[in-house]
Amino acid sequence: MADDRLPPVSAMVMNDIFHPLGLALSKLRQDRILDEARHTADPVHLTRVLGTGTAAETAMKHIHTARPELRSALWRQPPRVRFRSGS
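In what follows, the accompanying structure is described. Every chain begins its residue count from 1, and numbering advances along the sequence as written. With pLDDT at 70 or above as the cut-off, local features in this predicted model cover only qualifying residues; side-chain atom pairs require 80 or more to be listed or tallied, and sums for whole chains, interfaces and linings still use all residues. Values shown for side chains rest on all heavy atoms present in the structure; no hydrogens or waters enter the calculation.

Some remarks on the nonpolar core
- Of all hydrophobic cores here, the largest spans eight residues; its members are I33, A37, L46, L50, A59, M60, I63 and A66.
- A run of H or I in DSSP becomes a helix once it reaches four residues, and a run of E becomes a strand once it reaches two; helices and strands are each numbered from the N terminus. Breaking this core down by element, the ones donating at least two residues are α2 (25-39), α3 (43-50) and α4 (56-66).
- The contact partners of I33, leaving out residues within four places of it in the chain, are L46, L50 and H62. Throughout, nonpolar core names a set of buried Ala, Val, Leu, Ile, Met, Phe, Trp, Tyr and Cys residues whose side chains join them through atoms within 4.5 Å. Only protein chains enter the accessibility calculation, which uses a 1.4 Å probe; a residue whose area is less than 20% of its type maximum is buried, one above 50% is exposed, and one in between is partly exposed. We call two residues in contact whenever any of their non-hydrogen atoms come within 4.5 Å of each other.

Thoughts on the side chain of T40
- Tracing the backbone shows T40 in the loop between α2 and α3.
- The exposure class assigned to T40 is buried, which follows from its relative accessible area of 14%.
- Polar contact criterion, stated in full: a pair of N or O atoms within 3.5 Å, where within protein one must be able to donate a hydrogen and the other to accept it, and residues adjacent in sequence count only if both atoms are side-chain atoms. Polar side-chain contacts of T40 include one of 3.1 Å to the backbone nitrogen of D42.
- Leave out the neighbours within four places in its chain, and T40 touches H45, L46, I63 and R67.

Notes on the packing of α2 against α3
- Where α2 meets α3, the closest approach of the two axes is 10 Å, and the angle between their N-to-C directions is 155°. Comparing their axes, α3 and α2 come out roughly antiparallel. When you trace α2 past α3, the crossing you get is right-handed. Every residue of α3 that contacts α2 at R29, R32, I33, E36 and A37 is listed here: H45, L46, V49 and L50.
- Split by residue class, the contact of α2 with α3 holds five nonpolar, one polar and three charged. Here an axis means a line fitted to C-alpha atoms, over the contact stretch when the element is a helix, while the angle between two N-to-C directions is reported on a 0 to 180 degree scale. Oblique is the label for every angle not falling under 35 degrees (roughly parallel), over 145 degrees (roughly antiparallel), or within 65 to 115 degrees (roughly perpendicular). Left-handed is the label given to a crossing in which the near helix is rotated counterclockwise from the far helix by less than a right angle, and right-handed is the label when the rotation is clockwise. For this classification, Asp, Glu, Lys and Arg are treated as charged, while Ala, Val, Leu, Ile, Met, Phe, Trp, Tyr, Cys and Pro are nonpolar and the rest, including Gly, are polar.

As for a nonpolar patch on the surface
- Taken together, the side chains of V9, V13 and I17 define a hydrophobic patch exposed on the protein surface, amounting to about 250 Å² of accessible area.
- Tracing the chain through its elements places V13 in helix α1 (residues 11-18). Like charges within 9 Å and nonpolar side chains (Val, Leu, Ile, Met, Phe, Trp, Tyr) within 5 Å are joined into patches, using only residues over 30% in relative accessible area that form no salt bridge. Using the Shrake-Rupley algorithm and a 1.4 Å probe, accessible areas are obtained, with residue cover drawn only from the displayed protein chains. Counted as salt bridges are all cases of a side-chain nitrogen of Lys or Arg within 4 Å of a carboxyl oxygen of Asp or Glu.

A look at α4
- All of the buried residues in α4 are A59, M60, I63, H64 and A66. Viewed along the axis of α4, the buried residues span an arc of 165°, placing them on a single side of the element. Among the exposed residues of α4, those pointing more than 90 degrees away from its buried face are E57, K61 and T65. Taking the helix axis as origin, the arc is that swept by the directions to the C-beta atoms.

If you want it as structure tokens, here you go:
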């Protein structure tokens, strides 16, 4: 949990720490997302953890990536069929 008494850490500071180790911040975020998704199948929880801009559909994609065994036919959307006009 974040400590509100401390200032936020900048991306520059994080890059200075992790770049020498060969780790990109985007990869760390992806790993954090997938790790959280491995521990929960709750898209609402993931949406809260990942931030306000994350949609439930995106959270479900993360869950299915981390735990493909949870994917069921009920969650799949049928393929879209395009109809041609005319003959």
